[in-house]
Amino acid sequence: MAEKPEVTAMETWKTGISQAFWYYKLDENDKKPFKQVELGKGDSFYDNKSEENKQTLSWFDKLFLGGIQIPDTKDKPITLLLIGPPGSGKSTLALELCYRLTKDKLKKCGYITTETTAEQIKQKTIKLGWTDEFQTYEDAKKPLRTYDNKPRVVILGRERIGPNRNFSKILTSFFKIIPWADLVPKIPGIGSYIGPFIAGIIKNLDKQHSAVQDDSNSGDEKLTLTDSAKKITTNVIVIDSLNNIPNKKSQEKQFEAIIKATSKKNVRLLVFICDSDSESSGHKYWEYVSDYVISLAAESVEGYYLRTIEIIKSRFGENVLGRQIFKINNNLDEEEYKNKPGHYHPYRKEGGIFIYPSLHYYLSVYKKKDNKKNDNQEENPQENDNQEEDLQEFVQTYPKEINDLIKRKDTSGEEKLFPKGRCSAFIGERGGHKSHLGYLHILFSIINTRESGIIISLRDDEAMTEFALRKILIQEDELREKANSILFSLEAKEKLGYDPEKNSKAIVKELKNRGVLEILYYHPGYISPEEFTHRMLMSILRIKVHSNEGSNKIPNGNFSNINLLFNSLDQLAPRFPLCARLNVFIPGIVDILNGEKVTSLFVAVDTPDQPVEQYGILPMADMVLSFQHKTFKVKEYLSLIKKEENGRENEKNHEAVIVEVTRSAGGERAGAIGILELVSDKEDDLYDLYQKTGLKFTKVEKSSLVWVPDEYSSAYKSIPDYRMLKRKGQ
């Protein structure tokens, strides 16, 4: 029977597994754009228990709320069991645990495997990009000058202990190779052999590590060790695997023998690996006796292989509940990412386990953050007053006339439209200029209000999104000229020749290079909601942490404020089925953005074949604008926009987009309405009316709107069945 060890002290081991990076290119010549994530106090995922000013982000450690708790249990090791079906990633996780602890924490590890050869294990680590920390038993016997002074993970493979899976036979062949026979007691039985087997391994590992230390007087500078490294002994042992121990009685004997063999040997952590499948319950005993149990699983979803990780037991500390998605990434070749490194996620070159936290975990982080804030406000009423004031702030948009759609004033007294740090939704028919208005808002927020912008497009790739931004800048003379004035010197502007097309291309490129505009394109496929969310979150955190660098390049900026456009929600189901099948995906994304105080605009189609209700955006949006095509008599239309006929006498009808506020933030009355038009170029018929290119908005009184009935409109040509349904009264 397992007894709870008596704990006298506690140490936190930060493993660094699933270390998060973000893509941050300081300049065009930056050859290492993947930067380690460093968070400061106040950031959402900073561990508040820590006293560090800066903190790296390891998702594996986050599952243990900061790291694995390793108590001092009177010279007895702590046990960690990895269970899961074959191919779920148990061995890879155990190897990475050894690798990270050895590389970063100077721990010394022994990896014992009855499943494969040591050389095969070593080749696997090389494929993952871990080239220095692993050595086979044969490597360890080579001249020490071929190695530097770092601790190593010594691999004892199947070839050294024979092909047999019975431990008594393993020991028989093992002791023929290594003279540890004097350690074997004269008591028969499998339980009596395994203890000396492990004890002998520990003794020889220590000898190998000590040999490197003792050679520090050889005169070779590479072999010089720090005093702290000299004191380190073998303190992590991995046994891969326990599957060959047949029954509970044998398991009890084996466990007792292993613990006895490793007690008072400076072994702090024992890692067991055991398969768990529907046909066997052999892992149940090991779950019972182990201090920590991590369950790995895998399932095929429409042919896509999904791995999950879950902590199901943590005896000495708290842990995150629930399953998290993870992947095993190989080392990324230099040639693969040097041209478009931002397309690869996670943002890291080195391979290994990478965990994508669940949407539920993210939401719990923000929930705890909100609860803590509310507790502080109860103690400090003045902070509560300030928070109410913040919630009533709104941001300006472009064109300026659209700010009149709902006249409101924030704390600065300026009239503004979208709720700051909250969600607004643009819904309506295709071709209603929803995306155009969203792109325009992102450009305006960067150029005019000096804030950051992120564009997530489910439809257009990065090149098409940049093309749309350039086209908008060509049309919007005032915005383009302002961008030129803040981004380029007089000499640079002269070099561009004041050509609108060249100017616009240079502006978009410069905004991206300065890190104040980021375009996230997701290739269609079976991307999990966790992977999708993680990439978005890394961009948000990167901009916030590095906002000072951006504001130094563009004066008077406040680039920690972020505006995000989530474009083409109608593409979610056909392009990203795993995300679409999670009902809370979009509501969860919105909640995360609100938690980070990101001003977000979501663009969604609302047509009979794709009703907006299917996305889940309507309940989450603080402001909703609807976009509808309506057909007017020309005279009615001209009177609404207060323009003369100007050569359009022969036209009978004119189609325009009606924008209506169907939900208003802050308790304001909805229902404001206006006409939105796009003058694409000087050849456009509308140019004669407006005398300018770009997006034009005119606020009108709802009571004055008179349009041609929908059945005569050309607005529904893209929906073949719409008229038929309307005739049937459906």
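Source: prediction; values computed, not measured.

*Asks:* What am I meant to see in the overall build of the chain here?
*Replies:* Of regular secondary structure, the chain possesses 26 helices and 27 strands. Looking at the 730 residues of the chain, the share that counts as buried comes to 55%. For the chain, the proportion of contacts with a sequence separation of at least 24, taken over those separated by at least 6, is 71%.

*Asks:* I keep staring at the environment of Glu96 and nothing clicks. Help me out?
*Replies:* Here Glu96 lies in helix α2 (residues 90–105). C-alpha of Glu96 to C-alpha of Ile353: the two residues are 257 residues apart in sequence and 7.5 Å apart in space. If we ignore the near neighbours within four places in the chain, the residues touching Glu96 are Ile17, Ser18, Trp130, Arg348, Gly352 and Ile353. Separated by 2.6 Å, the side chain of Glu96 and the backbone nitrogen of Ile353 make a polar contact.

*Asks:* Looking at this structure, how should I read the pairing of strand β7 (residues 78–84)?
*Replies:* For a regular strand, side chains alternate in direction, first toward one face of the sheet and then toward the other. Along β7, 7 of the 7 residues are buried, which leaves the element largely enclosed by surrounding structure. With burial as the criterion, each face of β7 is covered, one bearing Ile78, Leu80, Leu82 and Gly84 and the other bearing Thr79, Leu81 and Ile83. Taken together, the 7 bridges between β7 and strand β12 (residues 269–275) define a ladder with parallel strand orientation. Considered in β12, the bridge of Leu81 is made with Phe272. Note: β7 against strand β13 (residues 292–301), 4 bridges, orientation parallel.

*Asks:* I would appreciate a short explanation of the side chain of Arg514 in the present structure.
*Replies:* Relative to the helices and strands, Arg514 is located in the loop between α18 (500–513) and β21 (517–521). Judged by relative accessible area, Arg514 falls into the buried class, the value being 14%. Polar side-chain contacts of Arg514 include one of 2.8 Å to the side chain of Glu510.

*Asks:* It is not clear to me how the pattern of salt bridges should be interpreted in this structure. Could you clarify?
*Replies:* Oppositely charged side chains may form a pair once their charged atoms are brought near each other. Summed over all chains, the structure comprises 20 salt bridges. In this structure, Arg100 engages Glu350 in a salt bridge whose closest nitrogen and oxygen atoms are separated by 3.0 Å. Of this pair, Arg100 sits in helix α2 while Glu350 sits in the loop between α11 (334–337) and β16 (352–356), and the two are 250 residues apart along the sequence. The same class applies to Arg100 as to Glu350, namely buried. Put simply, Arg480 and Asp477 hold a salt bridge, and the shortest N to O gap is 3.1 Å. With Arg480 and Asp477 both in helix α16 (residues 477–487), this residue pair falls 3 residues apart, about one helical turn. Linked through salt bridges whose partners overlap, the residues forming this network are Glu96, Arg100, Lys103 and Glu350.

*Asks:* Would you take a moment to explain the packing of α2 against helix α3 (residues 118–127) for this structure?
*Replies:* For the pair α2 and α3, the least separation of the axes is 11 Å and the interaxial angle reads 75 degrees. Classed by the angle they form, the pair α2 and α3 counts as roughly perpendicular. Facing α2, whose interface residues are Ser91, Thr92 and Leu95, α3 presents Ile121, Lys124 and Thr125. Across the contact of α2 with α3, the residue classes tally to 2 nonpolar, 3 polar and 1 charged.

*Asks:* What am I meant to see in the nonpolar core here?
*Replies:* One recurring pattern in soluble globular proteins: nonpolar side chains tend to sit buried together. One finds Phe45, Trp59, Tyr111, Ile456, Phe566, Phe602 and Ile617 to be the most contacted residues of the largest nonpolar core, which totals 103 residues. Leaving out residues up to four positions away in the same chain, Phe602 has contacts with Cys423, Ser424, Ala425, Phe426, Phe566, Leu569, Ile586, Ile589, Val590, Leu593 and Ile617. In this structure, Ile402, Ala468, Val516 and Val603 belong to the second largest nonpolar core, which totals 49 residues.

*Asks:* Help me understand the sheet that holds strand β25 (residues 653–663) in this model?
*Replies:* Each strand in a sheet pairs with another by means of backbone hydrogen bonds, the pair being arranged parallel or else antiparallel. As summarised here, the arrangement of the 9 strands in space is β21-β20-β22-β23-β19-β24-β25-β26-β27, forming an open sheet in which the pairing is mixed. Edge positions in the open sheet fall to β21 and β27 (694–700), since each of these has one partner strand only. Taking the axes of each pair of neighbouring strands and ignoring which way they run, one obtains an average angle of 20 degrees across the sheet. In this sheet, strand β23 (residues 599–605) lies alongside strand β19 (residues 423–428) in parallel orientation, the contact comprising 6 bridges. When the sheet's bridge partners are listed, Ser424 is paired in β23 with Leu601. Here helix α19 (residues 529–545) sits on the sheet in contact with β20 (452–457), β21 and β22 (562–567), set at roughly 175 degrees to β21. Its contacts with the sheet put helix α23 (residues 585–595) on β19, β22 and β23, and the angle it makes with β23 is roughly 160 degrees.

Rules used in this analysis
- Residues numbered from 1 in each chain as written.
- Predicted model: local features only at pLDDT ≥ 70, side-chain atom pairs only at ≥ 80, totals over all residues.
- Heavy atoms only, no water.
- Helix = DSSP H or I, 4+ residues; strand = E, 2+ residues; numbered from the N terminus.
- Buried < 20%, exposed > 50% of the residue type's maximum accessible area, 1.4 Å probe, protein only.
- Contact = heavy atoms within 4.5 Å.
- Polar contact = N/O pair within 3.5 Å; in protein donor to acceptor, adjacent residues only side chain to side chain.
- Pairing = 2+ DSSP bridges.
- Salt bridge = Lys/Arg side-chain N within 4 Å of Asp/Glu carboxyl O.
- Axes fitted to C-alpha atoms, helices over the stretch in contact; angles between N-to-C directions.
- Parallel < 35°, antiparallel > 145°, perpendicular 65-115°, else oblique.
- Nonpolar A, V, L, I, M, F, W, Y, C, P; charged D, E, K, R; others polar.
- Core = buried A, V, L, I, M, F, W, Y, C linked by side-chain atoms within 4.5 Å.

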